[in-house]
Amino acid sequence: MKSEEIRQVFLNYFKSKNHEIVPSAPMVMKNDPTLMFTNAGMNQFKDLFLGNSPIKYNRIADTQKCLRVSGKHNDLEEVGVDTYHHTMFEMLGNWSFGDYFKEEAIDWAWDLLVNEFKINKENLYATVFEGDKKDGTNEDSEAYEQWKKYLPEDRILKCNKKDNFWEMGDTGPCGPSSEIHVDIRSDDEKKKVDGSTLVNVDHPHVIEIWNLVFIQYNRLSSGKLEPLPAKHVDTGMGFERLCMVLQNKKSNYDTDVFAPLINHVQNVSGKKFGQNEETDIAIRVMVDHIRAIAFSIADGQLPSNNKAGYVIRRILRRAVRYSYTYLDVKEPILFSMVPVLAKQMQNAFPELKAQEDLITKVIQEEESSFLKTLETGLKKFENYKEKEVKGEFAFELYDTYGFPIDLTQLIAKEKGKSVDMDAFHAEMKKQKDRSRKAAASDTGDWIEVNKGDESEFVGYNVLECEAKILKYRKVTVGKKDQFQIVLNKTPFYAESGGQVGDTGYLELGGTKIEIIDTQKENNLFIHFAKKVPGELNGNAKAVVNKNKRNHTIKNHSVTHLLHSALKKVLGDHVAQKGSLVNEHHTRFDFSHFEKVTDEQLTEIEKIVNSKIQENIAIDEQRSVPIDKAMAQGATALFGEKYGDNVRVIT
């Protein structure tokens, strides 16, 4: 079977078992602060397991794009070196939310593998949870008895908590799992060594193919397990490994999942796959990494210098270095693989074909940029004579030549050297400390004037109001003293969404105090002043600088018009990465893969100016539930934290 057919047989099988077939969630996580990337098939259903979202379908199946290059699931060092680890991979899965449980999950897994996919049942092993005294859990006899219908007992292995108990985190839903392993060794090898001794020991040809997780407990913060009121099934099968088994290959890279990409690299580089181990590793790295890079960009994550963007940049630069050193390719090459991948994946993941031009341009620009400094950095490495790579040198490669630290570690390892990571982290800390020192401030304790710990914002409706001072404190920035004042209610807009904080004045006891800025901290509106009134009790009059506010809100509206025009002219990938809006101008920060041309700037200006001339009436909705706002098509802006209810402007 070709890979495309394998994927479809899986989905069709579970559709016949009344599963709703849902699309893959993006590989780049947008709304989960605990994860940068989707690293397992269950990520998009997390809220269903936690009971935070209503269950729409009791049975679901899909193929999910996953990426494992950060956190505890980090396979990057193995990728390319072995034949079965990947950065990006597909996870085929079926789920039951409070519907079927162990019996059906095991029955269907066996039926699909043996009767539909025709895997030789003599090559299959199952593992079940042996129980754990500390948790007070028993052996999973239910799963064991179910497997006895299909397998002899010597091929049903009891395994410990590490291998056969799945947990979402330190607390929350969890349960025993049952893995299915397949032995694809030759008959001669099987006669010499019993396959059961090679299960779960990282043998490249005795591999886990499917994991059936039975979520039946809730882990409390005390560590204790309690039974869940509804039991769930969460399964995951590695698509690339399944293709290897069904296509009678000994490596994932020999399947038709990777063959078109490998052929392309051979043609462009002139190097043959399968003749030299160093060359083979480089080609495996490239065909693996291009998938991770392309899918991430398609999901809206451009390479950058922080967080998820930096992970993608690291992967890309790792691939560039392998092609440069081991394939002797000194020009950009990764970008030329994108059309091959997009064509191959167009039915399962049409987003690659739809954004083929953008993905190609972004990768080409990144490759060209890194190749300019790669050669210089590698020459410095060649001339480096120390036995250990000092942290200062590793930091210079990182800071000056754009070498991610894991790339430096990789090159050092190839030369039989280690990197002084403690010294490297010390250099990183020094750089961060220098940045912090430039903005250092000393903050005193709050002095309470009136009871109350909430400040109400009324500035959408009025620009002046009566208010009481709740508390104040002294702040020293550099050598200058300032005061921060909190009111029980305020018309002053605090800096947010790039818009600067309001200025104005407080009047109390006949004294006017200038307010030079307004910020928000822990839901408190903080007013900055050079002094505090002599009289602090009684009602204060809070007055916003009306002229400044009016000019500023016009420029804030322009920011949104500009964002829309940029998307129209440059593409949907344009996302706000930051902005500054004050009474004089607006500044809009965004990522793009090349310089914006003069013609494009003119077109953007024309669109924005024509929209301003239309004088469109504002449509404002207050306190809209965030789910409803998103369903209406509202744009949530980068870096903004939203509550359960939001203000929606059209």
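Residues numbered from 1 in each chain as written. Predicted model: local features only at pLDDT ≥ 70, side-chain atom pairs only at ≥ 80, totals over all residues. Heavy atoms only, no water.

A.B. asks: Would you mind going over the packing of helix H1 (residues 3-16) against helix H7 (residues 239-246) with me for this structure?
C.D. replies: Think of two packed helices as two axes; the pair is described by the angle between the axes and how far apart they sit. Packing of H1 against H7 leaves a shortest axis separation of 10 Å and a crossing angle of 110°. Looking at the two axes, H1 sits roughly perpendicular to H7. With respect to the hand of their crossing, H1 and H7 are arranged in right-handed fashion. Residues Ser 3, Ile 6 and Arg 7 of H1 touch H7, and the partners they reach there are Phe 239, Leu 242, Cys 243 and Leu 246. (Axes fitted to C-alpha atoms, helices over the stretch in contact; angles between N-to-C directions. Helix = DSSP H or I, 4+ residues; strand = E, 2+ residues; numbered from the N terminus. Parallel < 35°, antiparallel > 145°, perpendicular 65-115°, else oblique. Left-handed = near helix turned anticlockwise from the far one by under 90°. Contact = heavy atoms within 4.5 Å.)

A.B. asks: What's the story with unusual backbone geometry in this structure? I'm lost.
C.D. replies: Most peptide bonds take the trans configuration, and most residues that are not glycine carry a negative phi. Unusually for a residue other than glycine, Asn 200 sits at a positive phi of about 65°. Here Asn 200 shows up in the loop between helix H6 (187-192) and strand S10 (206-219). A relative accessible area of 31% means that Asn 200 is categorised as partly exposed. Phi at Asp 328 is positive, roughly 60°, even though this residue is not glycine. Along the chain, Asp 328 falls in the loop between helix H10 (307-326) and helix H11 (338-345). Asp 328 gets classed as exposed once you look at its relative accessible area, which sits at 52%. (Buried < 20%, exposed > 50% of the residue type's maximum accessible area, 1.4 Å probe, protein only.)

A.B. asks: Hey, could you run me through the packing of aromatic side chains in this one?
C.D. replies: For any pair of aromatic rings, the description rests on two quantities: the centre-to-centre distance and the angle between the ring planes. One pass over the structure, following the stated rule, counts 23 aromatic pairs. Between Tyr 100 and Trp 108, the aromatic rings sit 4.8 Å apart at their centres with planes inclined by 75°, giving edge-to-face as the arrangement. One exposure class covers both Tyr 100 and Trp 108, and it is buried. With centroids separated by 6.0 Å and ring planes inclined at 65°, the aromatic side chains of Phe 370 and Phe 403 adopt a geometry described as edge-to-face. In this pair, Phe 370 sits in helix H13 (residues 356-382) while Phe 403 sits in the loop between helix H14 (391-401) and helix H15 (405-414), placing the two residues 33 residues apart along the sequence. Residue class for Phe 370 comes out buried when judged on its relative accessible area of 0%. Residue class for Phe 403 comes out buried when judged on its relative accessible area of 0%. An aromatic cluster is defined as three or more aromatic residues linked by ring pairs; in this entry it consists of Phe 10, Tyr 13, Phe 14 and Trp 210. Here the basic side chain of Arg 284 rests over the ring of Tyr 253, its NZ or CZ set 6.0 Å away from the ring centre. (Phe/Tyr/Trp six-rings, centres within 6.5 Å; stacked < 30°, edge-to-face > 60°. Lys NZ or Arg CZ within 6 Å of the ring centre and 35° of its normal.)

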